[in-house]
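# Remarks on the overall topology
The lines below spell out each chain.
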Number of protein chains: 2
Amino acid sequence: MPGILESNRPCAGKGLVIVNTGYGKGKTTAALGLLLRAWGQNMRVCVIQFIKENGSASGEVLAARQLGIEWHTLGDGFTWESQDLMRTEIRARDAWALAQTKITDSTYDLVVLDEFTYPLQFRWLDAKEVVAWLQENKAPLQHLIITGWGAPDELVQFADLVTEMQKVKHPFDQGIQAQPGIEF
Amino acid sequence: MPGILESNRPCAGKGLVIVNTGYGKGKTTAALGLLLRAWGQNMRVCVIQFIKENGSASGEVLAARQLGIEWHTLGDGFTWESQDLMRTEIRARDAWALAQTKITDSTYDLVVLDEFTYPLQFRWLDAKEVVAWLQENKAPLQHLIITGWGAPDELVQFADLVTEMQKVKHPFDQGIQAQPGIEF
């Protein structure tokens, strides 16, 4: 399978599938960094957030608005309440449908699926099907960034670049609360 | 020592010392993400790059210029040639002197010292002295982000938030070259 995949893709200017996973900080922020970098290179970028609490007040959303970056936040605030879970599931499926239209569109140079591992984790979307769909349909030169803990094996195998962010020390452990500009 | 340190800092709105280390990708890009987030929150930000090859052509520098973000690149391209090492050492010391003026300046909300672990690793700067200086002089509410592999123990102990980026899979291993918007 990897052989077939490789042969379909040019070696220079390859559209990378990038996964930022692990329990540490920096998964989303590293994606934001690539977003900024790509934007600086005049690339067409787009973000779809699957689950995010801080919505329109977050620094990244405020920044994206000023930069004219296309940004979709379909996930509402996430809780473990069953009612919320169901609502989140529906929204996550909608977000994936939207994502698919961007991922097939070669005019996008970089697409970020933030917290996309959650719908895979909860099996609202089947990881195997998602990967098979990406293999078939992803615009070949487009870079795709997927963030979130617990990236499924299928996705890790499919991805070109996988980084695990590991927590060494976290200020929440010391009772320090989330702060603007840092957590949101 | 941590007790003394803690008592000097307010618990809400604490200026965090953040370290992104490890051999994986995402150390600098996560710092860039926080930069974007903080910029979006109208915070005053500043970046000092200690060692970086791509200079003014990099997406982050191009983006920072458009965003009006203060950005200093004092490290020139890094090689292992001894002549270059010496030049890099001098530049790194200059960069630290500049950094000190920013770190003591409470009008900066967030300062990024990109690849700052290198001068510590090579002992051009003494990690203990740097940490002691930070303890004494850092503007208390300012967030300070330090990136680079092999963060010294003193710095890890001093920091509030430490993340290790671990490589799971990297496209360079597959012979895929660095690309604009991704690596620079």
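All of the points below concern the structure found in this document. (Residues numbered from 1 in each chain as written. Chains lettered and ligands numbered in written order. Predicted model: local features only at pLDDT ≥ 70, side-chain atom pairs only at ≥ 80, totals over all residues. Heavy atoms only, no water.)

### Here's the deal with the overall build of chain A
Convention followed: Starting at the N terminus, helices and strands are each numbered in turn, a helix being any DSSP run of H or I of at least four residues and a strand any DSSP run of E of at least two. For the exposure calls, accessible area comes from a 1.4 Å probe over protein chains only, and a residue counts as buried if that area is under 20% of its type's maximum, exposed if over 50%, partly exposed in between. When checking whether two residues touch, look at their non-hydrogen atoms; a contact exists if any pair is within 4.5 Å. The accessible surface values rely on the Shrake-Rupley method and a 1.4 Å probe; as for residues, cover is taken only from the protein chains in view.
Each helix and strand counted, chain A has seven helices and six strands in total. When the elements of chain A are put in sequence order from the N terminus, they spell out α-β-α-β-α-β-α-β-α-α-β-α-β. In chain A, which comprises 184 residues, the proportion classed as buried is 56%. Within chain A, counting contacts between residues at least 6 apart in sequence, those at least 24 apart form 79% of the total. Accessible area for chain A stands at about 7900 Å²; split by element, carbon and sulfur atoms hold 50% of it.

### Details of the relation of the copies chain A and chain B
Rules: Only residues with pLDDT of at least 70 in both copies count here: their C-alpha atoms drive the least-squares fit that superposes the copies.
In screw terms, the move from chain A to chain B is a rotation of 180° and a rise of 0.0 Å along the axis, fitting with an RMSD of 0.0 Å. What we have between these two chains is a two-fold relation. Most of the interface of chain A is mirrored in chain B, where 100% of its interface residues again form contacts.

### Some remarks on the interface of chain A and chain B
What counts is decided by this rule: Joining two parts hides part of their accessible area as seen by a 1.4 Å probe, and the buried area is that hidden amount summed over both. The term salt bridge refers to a pairing of a side-chain nitrogen on Lys or Arg with a carboxyl oxygen on Asp or Glu at a separation within 4 Å. Residues adjacent in sequence count toward polar contacts only when both atoms are side-chain atoms; beyond that, a polar contact is any pair of N or O atoms within 3.5 Å, and within protein one must be able to donate a hydrogen and the other to accept it.
Each partner contributes to the interface: chain A provides 58 residues, whereas chain B provides 58 residues. On the chain A side of the contact with chain B, R37, K169 and I182 of chain A bury the most area, a combined 16% of that side's loss. The interface formed by chain A and chain B includes two salt bridges. The residue R37 of chain B makes a salt bridge to E60 of chain A at a minimum N-O spacing of 2.7 Å. Along the contact surface separating chain A from chain B lie 19 residue pairs in polar contact (both at pLDDT 80 or more). Taken together, the elements giving at least two residues each to the side of chain A that touches chain B come down to helix 2 (27-40), helix 3 (59-67), helix 7 (153-158) and strand 6 (161-169) of chain A. Sort the elements by how many residues they give to the side of chain A that touches chain B and helix 2 of chain A lands first, with 11 residues.

### Things to note about the sheet that holds strand 5 (residues 143-147) of chain B
Our working rule: For two strands to be treated as a pair, DSSP must find at least two bridges joining them. Here an axis means a line fitted to C-alpha atoms, over the contact stretch when the element is a helix, while the angle between two N-to-C directions is reported on a 0 to 180 degree scale.
The strand order across the open sheet formed by 12 strands is 3(A)-2(A)-4(A)-5(A)-1(A)-6(A)-6(B)-1(B)-5(B)-4(B)-2(B)-3(B), and the pairing between neighbours is mixed. Strands at the two margins of the open sheet, each flanked by one partner only, are strand 3 (70-73) of chain A together with strand 3 (70-73) of chain B. Sheet twist, expressed as the average angle between the axes of neighbouring strands with direction ignored, equals 15°. Sheet analysis places strand 2 (residues 45-49) of chain B next to strand 3 of chain B, joined by four bridges and oriented parallel. In the sheet register, C46 of chain B faces strand 3 of chain B, and the bridge partner there is E70 of chain B. Where helix 2 of chain A meets the sheet, its contacts fall on strand 1 (17-21), strand 2 (45-49), strand 3, strand 4 (110-114), strand 5 (143-147) and strand 6 of chain A, and the angle it forms with strand 4 of chain A comes to roughly 165°. Here helix 2 (residues 27-40) of chain B sits on the sheet in contact with strand 1 (17-21), strand 2, strand 3, strand 4 (110-114), strand 5 and strand 6 (161-169) of chain B, set at roughly 165° to strand 4 of chain B.

### Side note on the packing of aromatic side chains
Formally: Only the six-membered ring of Trp is used, alongside the rings of Phe and Tyr, when aromatic pairs are assigned; centres must lie within 6.5 Å, and planes under 30 degrees apart are stacked while those over 60 apart are edge-to-face, with the rest tilted.
In the structure shown here, the tally under the stated rule is 12 aromatic pairs over all chains. For the ring pair W96 of chain B and W133 of chain B, a centre distance of 5.4 Å and an interplane angle of 75° mean the geometry is edge-to-face. Of this pair, W96 of chain B sits in helix 4 (residues 82-103) while W133 of chain B sits in helix 6 (residues 127-137), and the two are 37 residues apart along the sequence. W96 of chain B gets classed as buried once you look at its relative accessible area, which sits at 8%. The exposure class of W133 of chain B is buried, given its relative accessible area of 19%. With a centroid separation of 5.3 Å and 75° between ring planes, the pair formed by Y118 of chain B and W149 of chain B is classed as edge-to-face. With Y118 of chain B in helix 5 (residues 117-121) and W149 of chain B in the loop between strand 5 and helix 7 (153-158), this pair connects stretches of sequence that are 31 residues apart. You can call W149 of chain B partly exposed: its relative accessible area is 22%. Ring pairing ties together the aromatic residues F50, W96, F116 and W133 of chain A, which thus form one cluster.

### Details of the pairing of strand 1 of chain B
Residue and element names in this part refer to chain B. Across the five residues of strand 1, five count as buried, placing the element largely inside the fold. A two-sided burial pattern is seen for strand 1, the buried positions comprising V17, V19 and T21 on one face and I18 and N20 on the other. Across four bridges, the pairing between strand 1 and strand 5 is parallel. Looking at strand 5, one finds that N20 is bridged to T147. Across four bridges, strand 1 lies against strand 6 in parallel orientation. Residue pairing in the sheet places T21 in a bridge with E164 of strand 6.

### Examining the side chain of E183 of chain B
Locating E183 of chain B in the fold gives a position in the segment after strand 6. Among the polar contacts listed, one links the side chain of E183 of chain B to the backbone nitrogen of Q179 of chain B, at a separation of 3.0 Å.

### Some details on the environment of F116 of chain B
All names here are of chain B. As for its position among the elements, F116 is in the loop between strand 4 and helix 5. With a relative accessible area of 0%, F116 lands in the buried category. Along the backbone, F116 and I145 are 29 residues apart, and their C-alpha atoms lie at a distance of 9.4 Å. Leave out the neighbours within four places in its chain, and F116 touches F50, W96, L125, V130, I146 and T147.

### Some words on the nonpolar core
Definition in use: Nonpolar cores were defined as sets of buried Ala, Val, Leu, Ile, Met, Phe, Trp, Tyr and Cys residues, with membership established by side-chain atoms within 4.5 Å.
Judged by nonpolar contacts, the single largest core of 48 residues is most densely connected at L35 of chain A together with L35 of chain B. Mapped onto this core, the elements with two or more residues apiece are helix 2, strand 2, helix 3 and strand 4 of chain A together with helix 2, strand 2, helix 3 (59-67) and strand 4 of chain B. If near-sequence neighbours (up to four positions away) are discounted, L35 of chain B is found in contact with V45, V47, I69, W71, L110 and V112 of chain B.

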